[in-house]
There are 2 protein chains.
Amino acid sequence: MSKIYVVGIGPGGREYMTPQAVRAIGDSDAVVGYTVYVKLIEELTDGKEVVSTAMRGEVERAGIALDLALGGKTVSFVSSGDAGVYGMAGLMREVAEDHPEIEVVTVPGITAAMSGAAVLGAPLIHDFAVISLSDLLTPWDLIEKRIEAAAEADFVICIYNPKSHKRRDHLDRAVDLIMKHRSADTPSGYVKNIGREGQERKILRLSELRENDDIDMFTTVIVGNSQTRVINGELVTPRGYRYDGEAGK
Amino acid sequence: MSKIYVVGIGPGGREYMTPQAVRAIGDSDAVVGYTVYVKLIEELTDGKEVVSTAMRGEVERAGIALDLALGGKTVSFVSSGDAGVYGMAGLMREVAEDHPEIEVVTVPGITAAMSGAAVLGAPLIHDFAVISLSDLLTPWDLIEKRIEAAAEADFVICIYNPKSHKRRDHLDRAVDLIMKHRSADTPSGYVKNIGREGQERKILRLSELRENDDIDMFTTVIVGNSQTRVINGELVTPRGYRYDGEAGK
């Protein structure tokens, strides 16, 4: 039986990639993925059939992976971050639905919520919601509904795709909705180019995320909950341990 | 300047642990953690000072890590999953707040939401909320509010700590709240002992999570959104790509 691994390679650098992901690629005859991601794992693909597609869409790329598997090959279909979070692990199974003889295996990776949170300190220590502001595949009304629900119930909110080429005001509108339920001073932060050359982080107040030209479509944004604090320049959401300030003294 | 790495070691097996985590432990003079987790990384701690504490609480453990760092040592404070998701990365910074000279670094890992989702297929492909049902440190009212908000706004919901020793009905109450807004037939699933000996998964309907004695406190539960489907025995949440069923044919 042929197998397709849908592999999350993490934010970029090899140091974030799990041994399981390295092994899946090693086991594969063919590697399929967006050119940028395939390039990040170049040293693992020697001697393999590599199909890197810059110009084609996601559905077509999944179709290429399926065709290779139907031809008897073991395939790694790679995406950045975690293939299971806004990644290709779902679409691959939809495309392969009529071929139950092909085993599809998700190999998890470090998604931007986790790697971004680590760069900012520890903002995801309590309940959180992950929301993409991209309205390419999701109606904007539903995105607004989710933002407001998450804000009202005091979730830490992690935002993917805060801006798009066409729409620069998505994040501003999200921030306005969150501020209906949360202080404008809520400690928040963002990270650009996580785990790659040129990584940048900034910790700031919720209202300062508005009209912020430094934030682009490749930025991950985290808005704290009502308990989130800045400790020594880092974003920290307490879990609520009864800490009396005496430890370590 | 002394450094404390708060290291997420992933679900258990070494194959989920990133090279960054392995290097942080390698760089450390001392390793601190709950006995079970320290045992999982035994082969990495040779020749290091190891403080594994089965009996002490989280605050005391963080205090031990701080004391070692104040004594000039580089320390790895390990937790399972991602240290930044319900993990020690927050508490460590709270405990070290008065010592800005100690650098605290979060090393992210694969958290149960990601590793559990991978085992079930691809349920987290769209917006999701992560909620812990443990009311040890969080008022139950707030937990209920978050569950209902997430259910109403059609988030995929990932549940940590679905049951506790004292309270066996937390998950039942959560499911009842979700069913106010979502079909009893919503495809859902759970995973036990993720990435460890005895890993088990089950895909079932939302209502079948009620009064389910197979689910214990170490189980991760995922409830699909209104679009989640079962494809070839796996849980899949579509992202919404306009897929015409023609790829790969």
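As the structure is a prediction and not an experimental result, all values here were calculated from the model.

**Examining the overall build of chain A**
Logical step 1: When its secondary structure is counted, chain A shows seven helices and 13 strands.
Logical step 2: On C-alpha atoms alone, chain A measures out to a radius of gyration of 20 Å, which is about the 18 Å that the 2.2 N^0.38 rule sets for 249 residues.
Logical step 3: Put simply, chain A has 249 residues, and 61% of those count as buried.
Logical step 4: If you take every contact in chain A between residues at least 6 apart in sequence, the share linking residues at least 24 apart comes to 70%.
Logical step 5: Here chain A has roughly 9,500 Å² of accessible surface; of this, 47% comes from carbon and sulfur atoms.
Logical step 6: When the 28 basic and 37 acidic side-chain charges of chain A are each reduced to a single mean position, those positions are 3 Å apart.

**A short note on the relation of the copies chain B and chain A**
Logical step 1: Mapping chain B onto chain A leaves a residual RMSD of 0.0 Å; the transformation is a rotation of 180° accompanied by 0.0 Å of translation along its axis. As the rotation angle and translation indicate, the two copies are arranged about a two-fold axis.
Logical step 2: Both copies present the same face, since 99% of the interface residues in chain B are matched by interface residues at the equivalent positions in chain A.

**Topic: the pattern of salt bridges**
Logical step 1: Scanning the entire structure with this criterion turns up 36 salt bridges over all chains.
Logical step 2: With its nearest N and O atoms 2.7 Å apart, the salt bridge here joins Arg23(B) to Glu15(A). Taken together, the residues Arg23(B) in helix H1 (residues 19–27) and Glu15(A) in the loop between strand S1 (3–8) and helix H1 (19–27) connect one chain to another.
Logical step 3: Residue class for Arg23(B) comes out partly exposed when judged on its relative accessible area of 45%.
Logical step 4: Between Arg201(A) and Glu234(A) there is a salt bridge; the shortest N-O distance is 3.6 Å. A residue pair is termed long-range when its members are at least 10 positions apart, and Arg201(A) in strand S10 (residues 200–205) and Glu234(A) in strand S13 (residues 234–236) qualify at 33 residues.
Logical step 5: Among the residues examined, Arg201(A) registers a relative accessible area of 38% and is labelled partly exposed.
Logical step 6: Assessed through its relative accessible area of 13%, Glu234(A) is described here as buried.
Logical step 7: What you see here is one network of salt bridges that share partners, running through Asp127(A), Asp154(A), Arg182(A) and Arg146(B).

Here is what the cut-offs are and how they apply
- Residues numbered from 1 in each chain as written.
- Chains lettered and ligands numbered in written order.
- Predicted model: local features only at pLDDT ≥ 70, side-chain atom pairs only at ≥ 80, totals over all residues.
- Heavy atoms only, no water.
- Helix = DSSP H or I, 4+ residues; strand = E, 2+ residues; numbered from the N terminus.
- Rg over C-alpha atoms; globule rule 2.2 N^0.38 Å.
- Buried < 20%, exposed > 50% of the residue type's maximum accessible area, 1.4 Å probe, protein only.
- Contact = heavy atoms within 4.5 Å.
- Areas by Shrake-Rupley, 256 points an atom, 1.4 Å probe, with all protein chains shown as cover.
- Lys, Arg positive; Asp, Glu negative; His and termini not counted.
- Charge placed at Lys NZ, Arg CZ, Asp CG, Glu CD.
- Least-squares fit on C-alpha atoms with pLDDT ≥ 70 in both.
- Salt bridge = Lys/Arg side-chain N within 4 Å of Asp/Glu carboxyl O.

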